[in-house]
Amino acid sequence: MRVARSFNRKIPTEIEYQQHLKKCTYILPEEWRCPVCDRNQRELMRWKKTKWSSSFHIHHDHGTRWQTKILICSDCNAADGLAKRLLKLPKRWSFSVEELKEFVRCEPNGTIESIDLDIAQEIFQEWITYHSL
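Read on for a plain summary of the structure.

Cut-off values and rules
- Residues numbered from 1 in each chain as written.
- Predicted model: local features only at pLDDT ≥ 70, side-chain atom pairs only at ≥ 80, totals over all residues.
- Heavy atoms only, no water.
- Helix = DSSP H or I, 4+ residues; strand = E, 2+ residues; numbered from the N terminus.
- Buried < 20%, exposed > 50% of the residue type's maximum accessible area, 1.4 Å probe, protein only.
- Core = buried A, V, L, I, M, F, W, Y, C linked by side-chain atoms within 4.5 Å.
- Salt bridge = Lys/Arg side-chain N within 4 Å of Asp/Glu carboxyl O.
- Arc of directions from axis to C-beta.
- Contact = heavy atoms within 4.5 Å.
- Phe/Tyr/Trp six-rings, centres within 6.5 Å; stacked < 30°, edge-to-face > 60°.
- Lys NZ or Arg CZ within 6 Å of the ring centre and 35° of its normal.
- Patch = residues over 30% accessible without salt bridge, like charges linked within 9 Å, V, L, I, M, F, W, Y side chains within 5 Å.
- Areas by Shrake-Rupley, 256 points an atom, 1.4 Å probe, with all protein chains shown as cover.
- Lys, Arg positive; Asp, Glu negative; His and termini not counted.
- Charge placed at Lys NZ, Arg CZ, Asp CG, Glu CD.

## A closer look at the environment of Cys24
Link 1 in the chain: For Cys24, the location among the structural elements is in the loop between α1 (14-23) and α2 (41-44).
Link 2 in the chain: Of the residues examined, Cys24 reaches a relative accessible area of 15% and is grouped as buried.

## Quick word on the nonpolar core
Link 1 in the chain: Formed by 27 residues in total, the largest nonpolar core has its most connected members in Cys34, Val36, Cys76, Phe95, Phe103, Val104 and Ile115.
Link 2 in the chain: Contributing elements (two or more residues each) for this core: β5 (70-73), α3 (74-87), α4 (97-103), β6 (104-106), β7 (112-116) and α5 (117-131).
Link 3 in the chain: Counting residues per element, this core draws most heavily on α3, at five residues.

## Considering the pattern of salt bridges
Link 1 in the chain: Under the definition given, this model contains seven salt bridges.
Link 2 in the chain: Three or more residues joined by partner-sharing salt bridges are found here, namely Arg33, Asp38 and Glu43.

## Side note on α1
One turn of an α-helix holds 3.6 residues; hence residues three or four places apart share an orientation.
Link 1 in the chain: Those residues of α1 that fall on the buried side of the exposure criterion are Glu16, Tyr17 and His20. When α1 is viewed along its axis, its buried side chains cluster within an angular range of 100° and face the same direction. Away from its buried face by more than 90 degrees, α1 exposes Ile15 and Lys22.
Link 2 in the chain: In this structure, the buried side of α1 is in contact with α2 and β3 (51-53).

## Quick word on the environment of Trp52
Link 1 in the chain: Position of Trp52 among the secondary structure elements: in strand β3.
Link 2 in the chain: Overall, Trp52 belongs to the buried group, its relative accessible area being 11%.
Link 3 in the chain: Once the C-alpha coordinates of Trp52 and His20 are considered, the two residues, 32 residues apart in sequence, prove to be 6.8 Å apart.
Link 4 in the chain: Other than its neighbours up to four places away in sequence, Trp52 contacts Lys10, Ile11, Pro12, Glu16, His20, Met45, Arg46 and Trp47.

## Notes on the packing of aromatic side chains
Link 1 in the chain: Enumeration over the complete set of coordinates arrives at six aromatic pairs.
Link 2 in the chain: In textbook terms, an aromatic cluster arises when at least three aromatic residues are bridged by ring pairs, as seen for Trp93, Phe95, Phe103, Phe124 and Trp127.
Link 3 in the chain: The lysine or arginine in question, Lys10, covers the ring of Trp47, its NZ or CZ lying 3.8 Å from the ring centre.

## Some points on a negative patch on the surface
Link 1 in the chain: Together, Glu102, Asp118, Glu122 and Glu126 give the surface a local cluster of negative charge.
Link 2 in the chain: Of the residues forming the negative patch, the biggest block, three residues, is contributed by α5.
Link 3 in the chain: By secondary structure assignment, the location of Glu126 is in helix α5.
Link 4 in the chain: Note on Glu126: relative accessible area 62%, which makes it exposed.

Spelled out as structure tokens, the structure:
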């Protein structure tokens, strides 16, 4: 089963992109890309009623599966929580960045395009099977 969202997108001009970067409080290399969806900073910009916005999140494990903390876009981080809620997975269990890459798709200047819940469930089941042996 795939969860999909639609979103009317507005694409920023070069001037809007440069103005947005000047207003940002975070400093990221211009070549930075989300390690899950591979969108760059310009592609992460989303029009919100009166201004451009982009947000990031330090993704971490809510349990003990993996220890790394990594910066990802907020859409990909939200996809982790959404998949867990829809599949009724334990709250202390988190998908790694590599696992999220397998089932999350985001659109440039938009939001989550789709989440493949079948793949997410397979990842969880494989982990449960491997760790219950």
